[in-house]
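Residue-level structure breakdown
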Amino acid sequence: MKVHEYQAKEIFIAAGIPVPPGRIATTVSEAVAIADEIGRPVMVKAQVHVGGRGKAGGVKYAENLEATKIWAQRILELTIKGLPVKKILVTEAVDITSETYLGIILDRVTKKPVIMISAAGGIDIEEVAANTPEKIHKFAVDPELGLRPFEARNLAYKIFRDIKLVRQVADIILKLYDVFWKVDASLVEINPLITTPINEVIAIDAKLNIDDNGLFRHKEIEDMRDLDAENESEIEAREAGLSFIKLDGNIGCVVNGAGLAMATMDLVKHYGGDPANFLDIGGSSNPDKVLTAMRIILRDTNVRAILINIFGGITRCDDVATGIVAAYKELKPEIPIVTRLTGTNAAQAKKILKEINLPTAPTLDEVVKKAIKLAGLDED
Amino acid sequence: MAIFIDKKTKLLVQGITGRDGSFHAQQMKKYGTNVVAGVTPGKGSTKVGNIPVFNSVADAIKETKANCSVIYVPPPFAADAIYEAVDAGIKTIVCITEGVPANDMMKVYHYVKEHGARLIGPNCPGLISPELSKVGIIPGNICKKGNIGLVSRSGTLTYEVIFALTKGGMGQSTCIGIGGDQVIGTNFIDCLEAFEKDKATKGIVMIGEIGGSDEEDAAAYIKKHVTKPVVAFIAGRTAPPGKRMGHAGAIISGSSGLAAEKVAALNKVGIPVAISPIDLPRLLTERAKEMKEKEAAKKAKKKAKKASKTPKDGIAKKKAKNSPKSGIANKKEKKEKKNKKSKK
């Protein structure tokens, strides 16, 4: 789960990481009031969950209240990469003498949190990593031991010489590492971490992604979830315990298991269709889940056929079949539904499905081909 | 033989009184696994089916000499359950639980390694050595005893592949699901190493998916260390970047973790990657044949080279220099020799 910059900064402040003063606004008058309170030039920053918001015109410098008013209005009217800007952060504009990148990620190779620091701050770190990887200093922390002050200091020394700056940066690295563990982050980033003409070190941006598996112990972060930034169907799916991702294709997919769901999508594409979604109904096959899944998929008007592919293990095919029948009766779909249910209790499922007489196929490849054919896509 | 579990496996089920734990403990027993104990704190001295339940892993081991543990406890308690198993001396631990926080797993991963234990999972279906032992939730009825080793990051997709192998007449030595999370205890390379050593395994099927670089690392490892034929399947060719595709580990971040990269890395070292799971048995047969032929050709070449170095040949060559006629004869002779040897 992603949190916004302003929310990440709230977490930073609680951890003792210096950030410029500022607050969130949803209207122009609120934004002007905040700028007035700050009493100095401000930055007006769109709060949307996409990268490159600066390039899209979502981050602007406002010298005075008049400029704040103009920029706040323009940014609140923006839609960046499909997401309308509903909130803006108004924060003091600080003088910058240097920009550093500082980030911590979970590294899958070493199975350790890796701290990255680079003097090439302020720009996209992926670009730096791709073109000039030698500019990024990395350090893998022993997760059992934790980050020790001398390690943080040595990292700071990679970028800074002045001991006053080194101490401040080392302190921020230690605090950022604490944030990483405390909130179950999968990524935490300050880009840039800046120094000012009077040798202060300040985090002027903040990025924080939380490991979804850790959310159960962070209700305060779950509450930060921006429902506006999510697709309505994805919210409904999450609440029903389904794993769902909307795509732009024409074949709706209902599958159990993430790997099989991906494999099914891949074959849809291979045989000439286009998957409309990724959907994993999960292990325990509550018939209600199937009903919700069908409802979500049928809402998508691009969908020309639904493909249901179940390999029963923990999931029982008869449960899924019951869900399919209920969905069929309640939603009265006008597009073809093709099923393939095999594994645990497949025979019972067959009996249950007899009632509505849907087209079936015995194997993964055949059910995919049949769905594409019945969707009328094989002639296109 | 098989890898990681066999007839000597004495299984302990942590979280045996839960819904999944109790159901699968009995399923495993039915399959023939030697399930000797269960653990649920506070439920000691009770039974699930005929399986005795203990309050702690240490108690269970003392009474039953269990040497393998399978974990079905909910995510908040999974890391603790693994620590308890390690400290009690269990060397093979299989964690089925889905949803364990990655930060917990980072600490657990290194602890398990330092204590010389093996962790499989979390977020995995476990493993099965057909007709010997089953630890986890893979349906036994789709498996068949044989000589193919299967390793996969997925659950139901693994079943689909087992089904395709069995249908294609290829039984399995061990099928193992290593889990779909970012931090897992056992990776492809660990399993490939074990399959390479295992005498019962003659061919290997590897099922990967988007996210991370384990498939690329496995490809490099196979090139160096694996002599048995390997074929692969990679799920997620159509997955969009930046979205977690169900599994915590199945995410394309930036431009890394793409299916195309994995397929290319595998193809580069000669490993065929199937478009559909159903093609895997055919690809494996072809790959085995191809490797055999290559091996035979290599041997023949070596022998021919050796033969060309014998003094007799040396004289023939000298002669060839003098008369062009005998030179042709010499070439023919060599060819015949080669053919004879490769037939052997």
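Note that the structure is predicted; figures quoted are calculated from it, not measured.

1. Some words on the confidence of the model for chain B
All names here are of chain B. Within chain B, residue pLDDT values average 90, and 89% of them lie at 70 or more. This model gives residues 314–338 a pLDDT under 50, and the stretch forms eleven contacts once residues within four places in sequence are excluded. Segment residues 340–344: pLDDT under 50, and three contacts once partners within four positions in sequence are set aside and those in other chains are kept.

2. Focus on a positive patch on the surface
Where like charges cluster on the molecular surface, the positive patch consists of B:Lys294, B:Lys298, B:Lys299, B:Lys302, B:Lys303 and B:Lys306. For B:Lys302, the position within the fold is in helix 9 (residues 280–308).

3. Examining the environment of B:Met291
All names here are of chain B. Here Met291 shows up in helix 9. A relative accessible area of 22% means that Met291 is categorised as partly exposed. In contact with Met291, other than residues within four places in its own chain, are Thr227, Lys228 and Pro229.

4. Some thoughts on the nonpolar core
B:Val13, B:Val70, B:Leu192, B:Val205, B:Met206 and B:Met245 are the most contacted members of the largest nonpolar core, which has 99 residues in total. In terms of residue count, the dominant contributor to this core is helix 9 (residues 258–270) of chain A (eight residues). Excluding residues within four positions of it along the chain, B:Met206 makes contact with B:Val151, B:Phe188, B:Leu192, B:Glu215, B:Ala218, B:Ile222, B:Val231, B:Ala232, B:Phe233 and B:Leu266. Ranked by size, the runner-up nonpolar core spans 73 residues in total, among them A:Ile117, B:Ala66, B:Ala81 and B:Val108.

5. Overview of the interface of chain A and chain B
Each partner contributes to the interface: chain A provides 48 residues, whereas chain B provides 59 residues. Both faces combined, the contact of chain A with chain B buries some 4,200 Å², and carbon together with sulfur accounts for 61% of it. Inspection of the chain A/chain B interface yields four salt bridges. As a salt-bridge pair, A:Arg217 and B:Asp104 come within 2.8 Å of each other at their nearest N and O atoms. The tally of links from chain A across to chain B stands at 13 residue pairs in polar contact (both at pLDDT 80 or more). For the side of chain A that touches chain B, the secondary structure elements donating two or more residues are strand 9 (112–118), helix 6 (163–182), strand 14 (243–246), helix 9, strand 17 (305–312) and helix 13 (364–374) of chain A. Sorting elements by how many residues they give to the side of chain A that touches chain B places helix 9 of chain A first, with ten residues. In terms of residue class, the side of chain A that touches chain B is built from 21 nonpolar, 13 polar and 14 charged.

6. Remarks on the side chain of B:Arg287
Residues and elements named next belong to chain B. With respect to the secondary-structure elements, Arg287 resides in helix 9. Taking relative accessible area as the criterion, Arg287 reaches 10% and is therefore assigned buried. Apart from residues no more than four positions distant in its own chain, Arg287 is found in contact with Pro229, Val230, Val231, Val269, Gly270 and Pro272.

7. Focus: the packing of helix 7 (residues 214–225) of chain B against helix 8 (residues 259–268) of chain B
Residue and element names in this part refer to chain B. Where helix 7 meets helix 8, the axes come as close as 9 Å, and the angle between the chain directions of the two elements is 5°. With respect to helix 8, the element helix 7 is oriented roughly parallel. Only Glu261, Lys262, Ala265 and Leu266 of helix 8 make contact with helix 7, whose side of the interface consists of Asp214, Glu215, Glu216 and Ala219. Broken down by class, the residue content of the contact of helix 7 with helix 8 amounts to three nonpolar, no polar and five charged.

8. Remarks on the pattern of salt bridges
One pass over the structure, following the stated rule, counts 33 salt bridges over all chains. A salt bridge links A:Glu355 to A:Lys329; the shortest N-O distance between them is 2.6 Å. Highlighted residues: A:Glu355 in the loop between helix 12 (346–354) and helix 13 and A:Lys329 in helix 11 (residues 317–331), separated in sequence by 26 residues. Judged by its relative accessible area of 46%, A:Lys329 is partly exposed. Here B:Glu215 and B:Arg153 are joined by a salt bridge, their closest N and O atoms 2.7 Å apart. Of this pair, B:Glu215 sits in helix 7 while B:Arg153 is found in the loop between strand 10 (145–152) and helix 5 (156–167), placing the two residues 62 residues apart along the sequence. Exposure class is identical for B:Glu215 and B:Arg153. Each is buried. Overlapping salt bridges bring together A:Glu5, A:Lys9, A:Lys45, A:Arg53 and A:Asp205 as one network.

Cut-offs applied
Here the residue numbers are simple positions, counted from 1 along each chain's written sequence. Note on labels: chains are lettered from A, ligands numbered from 1, in written order. In view of the model being predicted, local features appear only for residues whose pLDDT reaches at least 70, and side-chain atom pairs are presented and counted only at 80 or more, with totals across whole chains, interfaces and linings using the full set of residues. Only hydrogens and water are set aside; all other atoms, that is, all heavy atoms of the structure, feed into the side-chain values. Think of pLDDT as the predictor's per-residue confidence, scored from 0 to 100. Contacts between residues were defined by any pair of non-hydrogen atoms, one from each residue, lying within 4.5 Å. Note on patches: the residues involved have over 30% relative accessible area and no salt bridge, like charges join within 9 Å, and the nonpolar side chains Val, Leu, Ile, Met, Phe, Trp and Tyr join within 5 Å. Per-residue accessibility takes into account occlusion by the displayed protein chains alone, with areas from the Shrake-Rupley method and a 1.4 Å probe. A carboxyl oxygen of Asp or Glu within 4 Å of a side-chain nitrogen of Lys or Arg is what we treat as a salt bridge. Under the convention used here, Asp and Glu are negative, Lys and Arg are positive, and both His and the chain ends fall outside the count. A single reference atom marks each charge: NZ on Lys, CZ on Arg, CG on Asp, CD on Glu. Numbering of helices and strands runs from the N terminus; a helix is a DSSP stretch of H or I covering at least four residues, while a strand is a stretch of E covering at least two. Burial classes: relative accessible area under 20% of the type maximum marks a residue as buried, over 50% as exposed, and values in between as partly exposed (1.4 Å probe, protein chains only). The term nonpolar core refers to a set of buried residues drawn from Ala, Val, Leu, Ile, Met, Phe, Trp, Tyr and Cys, joined through side-chain atoms within 4.5 Å. Buried area: the sum, over both parts, of the accessible surface (1.4 Å probe) that disappears when the two are put together. What qualifies as a polar contact is a pair of N or O atoms within 3.5 Å, subject to a donor-acceptor requirement within protein and to the restriction that residues adjacent in sequence count only when both atoms come from side chains. Think of it as three bins: nonpolar holds Ala, Val, Leu, Ile, Met, Phe, Trp, Tyr, Cys and Pro, charged holds Asp, Glu, Lys and Arg, and polar takes everything else, Gly as well. Where helices are involved, their axes are fitted lines through C-alpha atoms of the stretch in contact, as for all axes, and angles between N-to-C directions lie from 0 to 180°. Angular relationships are summarised with four words: roughly parallel below 35 degrees, roughly antiparallel beyond 145, roughly perpendicular across 65 to 115, and oblique for the angles in between.

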